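Working through the structure, step by step
Listed below are the residues making up each chain.
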Amino acid sequence: MDAMTAISRIAEKCDSFYLYDKRSIIERITKLKMAMPFVDFLYSVKCNHNPNVLDTMFSHGFGADAASAGEVLAALDHGTLPENIYFSAPGKSAKEIEAVWKKANLIADSLHEIELIEKIAASKEEAINIGVRINPETAFDGGIGVSSKFGIDEEPLITYLTASQCPHVHIMGIHVHQRSQELNTKVIADYHRRIIDLATRVEAATGTELAYINLGSGIGIPYADRDEEVDLSLLSKSLKNAVGERKTRILIEVGRYAVGKSGYYAMKVMDRKISRGKTFIILKNTLNGFLRPSIARLTEYYAGDRECLGREPLYTGRYSFSFTAIGKESAPRETVDLVGNLCTATDVIAENIDMPYLEPGDVVVINNAGAYSAVLSPMQFSSQERPEEYFLGMDGTEFRAAGYGTAQFQD
Ligand SMILES: *Cc1c(COP(=O)(O)O)cnc(C)c1O
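Computed from a predicted model, the values in this text were never measured in an experiment.

**Details of the overall build of the protein**
The number of helices and strands found in the protein is 11 helices and 18 strands. Viewed in the frame of its principal axes, the protein has a C-alpha envelope of about 70 × 45 × 40 Å. Within the protein, the fraction of its 411 residues that count as buried is 55%. Relative to all contacts within the protein whose residues are 6 or more apart in sequence, the contacts with residues 24 or more apart total 69%. Here the protein has roughly 18,300 Å² of accessible surface; of this, 50% comes from carbon and sulfur atoms. Mean positive and mean negative side-chain charge positions of the protein (44 and 55 charges, respectively) differ by 2 Å.

**Let's talk about the packing of helix α7 (residues 154–163) against helix α8 (residues 185–206)**
When two helices pack together, their arrangement is captured by the angle between the axes and the distance separating the axes. Running from N to C, α7 and α8 cross one another at 30°; their axes reach a closest spacing of 7 Å. The pairing of α7 with α8 is recorded here as roughly parallel in orientation. Here Glu154, Ile158, Leu161 and Thr162 of α7 come into contact with α8, specifically with Leu198, Arg201, Val202, Ala205 and Thr206. Its residues assigned to classes, the contact of α7 with α8 comprises 5 nonpolar, 2 polar and 2 charged.

**Some words on helix α11 (residues 291–303)**
The first and last C-alpha atoms of α11 sit 18 Å apart over 13 residues, in line with the 18 Å expected at 1.5 Å per residue. For α11, every residue scored as buried is listed here: Leu291, Arg292, Pro293, Ser294, Ala296, Arg297 and Ala303. Of the surrounding elements, those touching the buried residues of α11 are β15 (348–356) and β16 (363–366). Where α11 terminates, the next one or two residues include glycine 304, which has phi positive at roughly 60°.

**Side note on the side chain of glutamate 334**
Considering the arrangement of structural elements, one finds glutamate 334 in strand β14 (residues 333–340). Residue class for glutamate 334 comes out buried when judged on its relative accessible area of 17%. In this structure the side chain of glutamate 334 is engaged in a polar contact, spanning 2.9 Å, whose partner is the side chain of arginine 272. Non-local contacts of glutamate 334, meaning those with residues more than four positions away in its chain, are made with Arg272, Thr279, Ile281, Ile353, Asp354, Met355, Pro356, Tyr357 and Leu358.

**Concerning the packing of helix α2 (residues 22–35) against helix α3 (residues 51–59)**
Contact geometry for α2 and α3: axes closest at 11 Å, N-to-C directions at 30°. The angle between α2 and α3 places the two elements in the roughly parallel class. For the pair α2 and α3, the crossing hand works out as right-handed. Along the contact surface, α2 presents Lys22, Ile25, Ile26 and Ile29, while α3 presents Val53, Thr56 and Met57. Class assignment for the residues of the contact of α2 with α3 results in 5 nonpolar, 1 polar and 1 charged.

**Structural notes on the packing of aromatic side chains**
What the rule picks out here adds up to 13 aromatic pairs. An angle of 80° between the planes, with centres 5.9 Å apart, marks the rings of tyrosine 265 and phenylalanine 290 as edge-to-face. Of this pair, tyrosine 265 sits in strand β11 (residues 263–275) while phenylalanine 290 is found in the loop between β12 (278–283) and α11, placing the two residues 25 residues apart along the sequence. On the numbers, 5.2 Å between centres and 80° between planes, the contact of tyrosine 301 with tyrosine 302 is edge-to-face. When its relative accessible area of 52% is taken as the criterion, tyrosine 301 is described as exposed. Its end group placed over the ring of phenylalanine 87, lysine 92 keeps NZ or CZ at 5.4 Å from the ring centre. A cation over an aromatic ring shows up here: lysine 240 above the ring of phenylalanine 38, its NZ or CZ 4.9 Å from the ring centre.

**A short note on the side chain of threonine 138**
Inspection of the secondary structure puts threonine 138 in the loop between β6 (128–135) and β7 (152–153). For threonine 138, a relative accessible area of 19% gives the class buried. Beyond its immediate stretch of four places on either side in the chain, threonine 138 contacts Gly143, Ile144, Gly145, Gln178 and Arg194.

**A word on the pairing of β12**
The sheet contact formed by β11 and β12 spans 6 bridges and is antiparallel. From the neighbouring strand, valine 269 faces β12, where its bridge partner is leucine 283. Between β11 and β12, which follow one another and run antiparallel, lie 2 residues, and arginine 276 among them has a positive phi close to 45°. Two elements, β12 and β14, share 4 bridges in a ladder whose sense is parallel. Counterpart to phenylalanine 280 in the pairing with β14 is aspartate 337.

**Section: the site of the ligand**
Among the 13 residues in the neighbourhood of the ligand, the closest are listed as Lys46, Ser217, Glu253, Arg256 and Tyr372. A distance of 2.8 Å is found between an oxygen atom of the ligand and a side-chain nitrogen or oxygen belonging to serine 217. For the ligand, a nitrogen atom lies 2.5 Å from a polar atom in the side chain of glutamate 253. Within the shell around the ligand, the residues separate by chemical class into 2 nonpolar, 6 polar and 5 charged.

**Digging into unusual backbone geometry**
Put simply, glutamate 312 and proline 313 share a cis peptide bond, and its omega is 0°. Topologically, proline 313 is positioned in the loop between α11 and β13 (323–325). Even without being glycine, asparagine 352 reaches a positive phi, approximately 50°. Taking relative accessible area as the criterion, asparagine 352 reaches 52% and is therefore assigned exposed.

**Regarding the pairing of β16**
Of the two faces of β16, the one lined by Val363 and Val365 and the one lined by Val364 and Ile366 are each fully buried. Across 4 bridges, the pairing between β11 and β16 is antiparallel. Among the inter-strand pairings, tyrosine 265 is bridged to a residue of β16, identified as isoleucine 366. In this structure, β13 lies alongside β16, joined through 3 bridges in antiparallel fashion. When the sheet's bridge partners are listed, phenylalanine 323 is paired in β16 with isoleucine 366.

Here is what the cut-offs are and how they apply
Residues numbered from 1 in each chain as written. Predicted model: local features only at pLDDT ≥ 70, side-chain atom pairs only at ≥ 80, totals over all residues. Heavy atoms only, no water. Helix = DSSP H or I, 4+ residues; strand = E, 2+ residues; numbered from the N terminus. Buried < 20%, exposed > 50% of the residue type's maximum accessible area, 1.4 Å probe, protein only. Contact = heavy atoms within 4.5 Å. Areas by Shrake-Rupley, 256 points an atom, 1.4 Å probe, with all protein chains shown as cover. Lys, Arg positive; Asp, Glu negative; His and termini not counted. Charge placed at Lys NZ, Arg CZ, Asp CG, Glu CD. Axes fitted to C-alpha atoms, helices over the stretch in contact; angles between N-to-C directions. Parallel < 35°, antiparallel > 145°, perpendicular 65-115°, else oblique. Nonpolar A, V, L, I, M, F, W, Y, C, P; charged D, E, K, R; others polar. Expected span 1.5 Å × (residues − 1). Polar contact = N/O pair within 3.5 Å; in protein donor to acceptor, adjacent residues only side chain to side chain. Left-handed = near helix turned anticlockwise from the far one by under 90°. Phe/Tyr/Trp six-rings, centres within 6.5 Å; stacked < 30°, edge-to-face > 60°. Lys NZ or Arg CZ within 6 Å of the ring centre and 35° of its normal. Pairing = 2+ DSSP bridges. Near = heavy atom within 4 Å.

The structure is reproduced here in structure tokens:
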């Protein structure tokens, strides 16, 4: 069964839901792994922590890029080994660090955090290998380095490493992540080369070879029709060249590349009305079920004709989502606004859009809904029924997945 057939079937019993397509996820991650067999890939759990998605990613050789203690524990729960989990986030608490102690590779995000880890290690009388997230002296696109809330600026870090004051903490890895959703292959390739050079500078300061270089993300996906896929084979050649004879473990993190295009969000038409000449199609759970399309429309409304830069993961760019009415290919067309059932006028996902004639019971599907979708939407607002999450297995059967609240950390 294909995704659209599954969606029409599920819509018979459900008014709003996500569908994640396992076959599509596996196709995409196979492409990545085949293109870069010398890279260890991590799945960025924060983009979609649905349990079936986690199982799919982790059972296909992906480690975990965890952004919280909860995500570390979720990765462990789904069978990932501690050495394949990397926990990187600003502002970690001592409680979170303790909760995942030796259950993941800790990546310190500041000098304060290195010292916090040193204090915890000293109190346990244990040594620990950690990584550090670095804000390099160069920007993602090669310009001069910029200020960032993430990581430690390279220059003071190098000074710190040269003095090396923490007896229990050994810095064995580096992590850099400066941008998501880049589609220019050459920009990513040049970025990779600069980070490998950065690793060499860090090794010179510590006098030790690094165990891993985590290149972060950056690999984007086509959202709008005009977007093109990153050239993975070119990227692979360039990175292999930059790595050269190094034995260091090379890591790349991906979230959206794996699941962004493998998810759909379906909403039932609840009502249609004409108000003073304008036709409104009222859909189930728009802004509250899938926030990004409403944010896009709001951003573009205020931008007018100005250029609209991406601000991930809230906003990607114009024409990032398309709206398809299922089984309505031969219906007459009309111009409508697609709006939601919330008691706010801001849940609008499209204005003056050309759609087939829609009536209550019809289904509208939004594409590109696999990443930063359910996890990023204000589902508590107005106590609406939550959208369900369904997972389309390889054998074409679809099943309901308890998705929400999986990655919770409670002390
Ligand atoms: C969110 C995040 C990612 C994933 O980004 P995608 O664009 O979804 O691939 C990777 N690394 C870090 C550090 C992140 O915060």
